[in-house]
Amino acid sequence: MPIAKNPPKVSIDATRSRSTKIAGGDWDDKLQKVQLDIVVKNLDLNKSVEGLTVYYWTLAQSLVDKKAYLVVDAGTFDVSLNGSAEGREIRHQCEEITLKWDDTDAVFGQRYKGYVLALVNAQKEVVAVKSNFPSWQTAFERAFDLKKKSWCGMDLKPLSAPPRK
């Protein structure tokens, strides 16, 4: 995917709400709820920005094979921004994901690890990329091949699911 030659002045970021508590089957099983809140801002107050699409992926690390990551959420949403106070920013709240895991005796499940965001214009050029891992940010193009419930490595290359213990 080509990088936009003259991209609009737009920023993209995500914050995550995350809570982890001991719950579920055993005394040490963890229950984690994760939800991304994605924010796209128009940094140019004099220009409107139309025809943008945000692609996002939320990843969780396997506790069985720590080199494997599960795409627990993925999706897109359209973005149109202007210079007004109300239209300068758009927020999108992703689905709340519940993860169950244990990293002690009976190791199982996945734990939240991070996200990849890509902002693409109508010409299918990348305007902005954001991730909480530099390696994911540089390899973001591989994320476009990932679907929800698919597995990948730290390099975002597809993997087969790790074996269950």
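Use the structure listed above.
Residues numbered from 1 in each chain as written. Predicted model: local features only at pLDDT ≥ 70, side-chain atom pairs only at ≥ 80, totals over all residues. Heavy atoms only, no water.

Here we look at the overall build of the protein chain
Counting secondary structure elements, the protein chain contains one helix and 10 strands. For the protein chain, the α and β elements follow one another from N to C terminus as β-β-β-β-β-β-β-β-α-β-β. For the protein chain, the spread of C-alpha atoms along the principal axes amounts to about 60 × 30 × 20 Å. Expressed as a percentage of its 165 residues, the buried residues of the protein chain come to 45%. In the protein chain, the share of contacts with a sequence separation of at least 24, taken over all contacts with a separation of at least 6, comes to 63%. As displayed, the protein chain has an accessible area near 9100 Å², and 49% of this comes from carbon and sulfur atoms. The distance from the centre of the 25 positive side-chain charges to the centre of the 21 negative ones in the protein chain is 3 Å. (Helix = DSSP H or I, 4+ residues; strand = E, 2+ residues; numbered from the N terminus. Buried < 20%, exposed > 50% of the residue type's maximum accessible area, 1.4 Å probe, protein only. Contact = heavy atoms within 4.5 Å. Areas by Shrake-Rupley, 256 points an atom, 1.4 Å probe, with all protein chains shown as cover. Lys, Arg positive; Asp, Glu negative; His and termini not counted. Charge placed at Lys NZ, Arg CZ, Asp CG, Glu CD.)

Focus on the environment of I97
Here I97 shows up in strand 6 (residues 97-102). Accessibility expressed as a relative area gives 9% for I97, which makes it buried. Separated by 79 residues in the primary sequence, I97 and R18 have C-alpha atoms spaced 9.6 Å apart.

Comments concerning the side chain of D73
One can find D73 in strand 4 (residues 69-81). It is K148 that comes nearest to the buried, bridge-free D73 among opposite-charge side chains, at 4.0 Å. (Salt bridge = Lys/Arg side-chain N within 4 Å of Asp/Glu carboxyl O.)

A few points about the nonpolar core
Counting residues in hydrophobic clusters, the biggest one holds 32 residues, and the most contacted among them are I12, I38, V40, V54, L99 and L119. At the level of elements, strand 1 (10-22), strand 2 (30-42), strand 3 (49-62), strand 4, strand 6, strand 7 (108-120) and strand 8 (126-131) are the ones that each hand at least two residues to this core. Y55, A139, F144 and L156 belong to the second largest nonpolar core, which has 18 residues in total. (Core = buried A, V, L, I, M, F, W, Y, C linked by side-chain atoms within 4.5 Å.)

Section: the layout of surface pockets
Put simply, the largest pocket is a space of about 460 Å³. In this structure, the largest pocket is lined by 22 residues; those nearest its centre are L70, G109, Q110, W151 and R164. Of all elements in the fold, only strand 4, strand 6 and strand 7 reach the threshold of two or more residues within the lining of the largest pocket. In terms of residue count, strand 6 provides more of the lining of the largest pocket than any other element does, four residues in total. Within this model, the second largest pocket holds a volume of roughly 260 Å³. Along its surface, the second largest pocket is lined by 18 residues, and N6, P7, P8, K9 and K47 are the ones closest to its centre. It is strand 3 that contributes the most residues to the lining of the second largest pocket, three residues altogether. Residues that form the lining of the second largest pocket fall into these classes: seven nonpolar, five polar and six charged. (1 Å grid on protein atoms, 1.4 Å probe; cavity = no way out; pocket = protein on both sides within 12 Å on 5 of 7 lines; lining within 4 Å. Points joined across faces, edges and corners; volume = space filled by probe spheres on them. Nonpolar A, V, L, I, M, F, W, Y, C, P; charged D, E, K, R; others polar.)

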